[in-house]
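# A look at the structure
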Amino acid sequence: MLLWWLCFCTMLVGAELAYFYGLLQQIMMNDITRITFIIVAILVWQTIACGFEIGKTRFAWETGKPNPILERGWFFSDIVLSLGMIGTVAGFMMMLTGFATLDFSDIEAAQGMVARLGAGMATALSTTLIGLIASVLLKLQFFMLERTLEREEHG
């Protein structure tokens, strides 16, 4: 439980530092698809679920039965990674829309396309970054939970 609590507090400090330096605001503003909100919500939800499960393992573990919290945690660690990749594809699609009909002799249209390229790239990279970070954090936590359950089972 202490290791999970240390991980949780480190995540909070990291989030606070990212907020203080404006990184969170920049990432959230850059993501036009708002997939990062979903990823962060899943991260918070599963972090809390993992913490509760680690806290109660010594009271509720039954040998040989699969743990639904653990299985759900591994599932959602893959989901946030997949959502990050979906945001990447959506961002690249936003970047590429309009190239077929773009008239390069029209300067204003070309400037608008450059702005759309920037917004699409920001969305792609923001969602990828948040999805990867959330996946790693969830996998670390559920790895700790799995090890805790194994220790409880074996003695």
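Residues numbered from 1 in each chain as written. Predicted model: local features only at pLDDT ≥ 70, side-chain atom pairs only at ≥ 80, totals over all residues. Heavy atoms only, no water.

## Focus: the side chain of T47
The residue T47 is located in helix α3 (residues 35-60) in this model. Overall, the relative accessible area of 1% leaves T47 in the buried class. Within the local environment of T47, its side chain forms a polar contact with the backbone oxygen of L43, the two atoms lying 2.7 Å apart. If we skip the residues at most four places from it in the chain, T47 touches W4, F8, M11, L138 and Q141. (Helix = DSSP H or I, 4+ residues; strand = E, 2+ residues; numbered from the N terminus. Buried < 20%, exposed > 50% of the residue type's maximum accessible area, 1.4 Å probe, protein only. Polar contact = N/O pair within 3.5 Å; in protein donor to acceptor, adjacent residues only side chain to side chain. Contact = heavy atoms within 4.5 Å.)

## Some remarks on the packing of helix α1 (residues 2-20) against helix α5 (residues 107-154)
The geometry of a pair of packed helices is captured by two quantities: the angle between their axes and the separation between those axes. Their axes nearest at 10 Å, the elements α1 and α5 cross at an angle of 165 degrees. In terms of their interaxial angle, α1 and α5 are classed as roughly antiparallel. By crossing handedness, the relation of α1 to α5 is classed as left-handed. Every residue of α5 that contacts α1 at L3, W4, C7 and M11 is listed here: L137, Q141 and M144. Residue classes in the contact of α1 with α5 are distributed as 6 nonpolar, 1 polar and no charged. (Axes fitted to C-alpha atoms, helices over the stretch in contact; angles between N-to-C directions. Parallel < 35°, antiparallel > 145°, perpendicular 65-115°, else oblique. Left-handed = near helix turned anticlockwise from the far one by under 90°. Nonpolar A, V, L, I, M, F, W, Y, C, P; charged D, E, K, R; others polar.)

## Quick look at the environment of R116
The residue R116 is located in helix α5 in this model. Each C-alpha atom of the pair R116 and T97 lies 8.7 Å from the other, and the pair is 19 residues apart in sequence.

## A short note on unusual backbone geometry
Despite not being glycine, R34 has its phi angle at roughly 65 degrees, a positive value. With respect to the helices and strands, the residue R34 is situated in the loop between α2 (23-30) and α3.

## As for the packing of aromatic side chains
In the structure shown here, the tally under the stated rule is 6 aromatic pairs. Between F20 and Y21, the ring centres sit 5.1 Å apart and the planes meet at 80 degrees, which makes this aromatic pair edge-to-face. The same class applies to F20 as to Y21, namely exposed. The structure contains a cluster of three or more aromatic residues connected by ring pairs, namely W4, W5 and F8. (Phe/Tyr/Trp six-rings, centres within 6.5 Å; stacked < 30°, edge-to-face > 60°.)

## Some points on the side chain of Q46
Relative to the helices and strands, Q46 is located in helix α3. The exposure class assigned to Q46 is buried, which follows from its relative accessible area of 0%. Setting aside anything within four residues of it in sequence, one finds Q46 in contact with R72, G73, F76, L138 and F142.

## Let's talk about a nonpolar patch on the surface
A cluster of nonpolar side chains, contributed by V13, L17, F20, Y21 and L23, occupies part of the molecular surface with about 570 Å² of accessible area. The element contributing the most residues to the nonpolar patch is α1, with 3 residues. As for its placement among the helices and strands, F20 is situated in helix α1. Looking at F20, the relative accessible area reads 60%, which means it is exposed. (Patch = residues over 30% accessible without salt bridge, like charges linked within 9 Å, V, L, I, M, F, W, Y side chains within 5 Å. Areas by Shrake-Rupley, 256 points an atom, 1.4 Å probe, with all protein chains shown as cover. Salt bridge = Lys/Arg side-chain N within 4 Å of Asp/Glu carboxyl O.)

## Brief notes about α1
Residues lying three or four places apart along an α-helix face the same way, a consequence of the helix completing one turn every 3.6 residues. Over its 19 residues, α1 runs 27 Å from end to end, which matches the ideal 27 Å to within 8%, given 1.5 Å per residue. Of all the residues in α1, the buried ones are W4, C7, F8, M11 and A18. Viewed end-on, α1 has its buried residues packed into an arc of 100 degrees, placing them on one side of the element. Facing away from the buried surface of α1 by more than 90 degrees, the exposed residues are L2, L6, T10 and F20. Following α1 by one or two positions, G22 adopts a phi angle in the positive range, close to 80 degrees. (Expected span 1.5 Å × (residues − 1). Arc of directions from axis to C-beta.)

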